[in-house]
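Descriptive structure summary
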Amino acid sequence: VQLKQAQVKASQRRFNSYADFYKNTLYMHKDEELKAVRSKPPGEALAFAWEQKEAGNASFKANKLEEAYGKYVRAAACIRYILPKNDDWRTEGFTDETLEEVVVQGDTPEEKRRVRELLLSCYLNIAQCRLLERTQYKEAIAACDEALALDPSSAKAYFRRARARFEPPSCGAAE
């Protein structure tokens, strides 16, 4: 059993390195509404993603952090997500090679800019939700890392990542 677990872990090394919010996109592929959005042209998928993000903002303002987090993850998952190449992956398992990473780029320079802007905003908001919950510091750091990959000069991402690293005195995130 331990050998099998070690083999599975080795075959999923890249997947296991992802943040939880990105890993969760794999489990969203059966969501019919999201599936329909992902099959639309980039402009339409982007419009739906922005609606999800705005719904997340409304939840955040109502102090419904977990609901807001879910909306931000869903908004980002319209644009950047993981798909299984094998429909039977739930019973047969998966490896890094049997997963496909999809990133909607946009067809025009304006769409490309809006995709980047949406993802940046979602990652920063995911980090903020996790910081305010005071339990998910590693995920906040990962979200900030994703934001910084999109915009290396994002002061919000640096600030939130620093807070996540140093605010929790005993969570181990700073180690």
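Residues numbered from 1 in each chain as written. Predicted model: local features only at pLDDT ≥ 70, side-chain atom pairs only at ≥ 80, totals over all residues. Heavy atoms only, no water.

**Side note on the pattern of salt bridges**
As a working rule, side chains carrying opposite charge can pair if their charged atoms are close by. One pass over the full model with this rule turns up 13 salt bridges. Between Arg113 and Glu117 there is a salt bridge, with the nearest N and O atoms lying 2.5 Å from each other. Highlighted residues: Arg113 and Glu117, both in helix 8 (residues 109-133), separated by four residues, approximately one helical turn. Given a relative accessible area of 39%, Arg113 falls into the partly exposed group. Across the salt bridge formed by Arg161 and Asp145, the nearest N and O atoms sit 2.7 Å from each other. One end of the pair, Arg161, is in helix 10 (residues 155-166); the other, Asp145, is in helix 9 (residues 137-150), with 16 residues separating them in the sequence. One network of salt bridges, in which partners are shared, links Glu66, Arg130, Glu133 and Glu139. (Salt bridge = Lys/Arg side-chain N within 4 Å of Asp/Glu carboxyl O. Helix = DSSP H or I, 4+ residues; strand = E, 2+ residues; numbered from the N terminus. Buried < 20%, exposed > 50% of the residue type's maximum accessible area, 1.4 Å probe, protein only.)

**As for the nonpolar core**
Within the largest apolar cluster, 48 residues are counted, with the highest numbers of intra-cluster contacts made by Phe21, Ile79 and Ile126. Where this core is concerned, the elements lending two or more residues are helix 3 (20-23), helix 4 (32-38), helix 5 (42-61), helix 6 (65-77), helix 8, helix 9 and helix 10. Per-element accounting of this core gives the leading share, 11 residues, to helix 8. Setting aside residues no more than four positions away along its own chain, Ile126 makes contact with Phe21, Tyr69, Tyr72, Val73 and Ala143. (Core = buried A, V, L, I, M, F, W, Y, C linked by side-chain atoms within 4.5 Å. Contact = heavy atoms within 4.5 Å.)

**A word on the side chain of Lys53**
Structurally, Lys53 is set in helix 5. The exposure class of Lys53 is buried, given its relative accessible area of 7%. Excluding anything up to four places from it in sequence, Lys53 contacts Tyr72, Ala75, Leu118, Ser121, Cys122 and Asn125.

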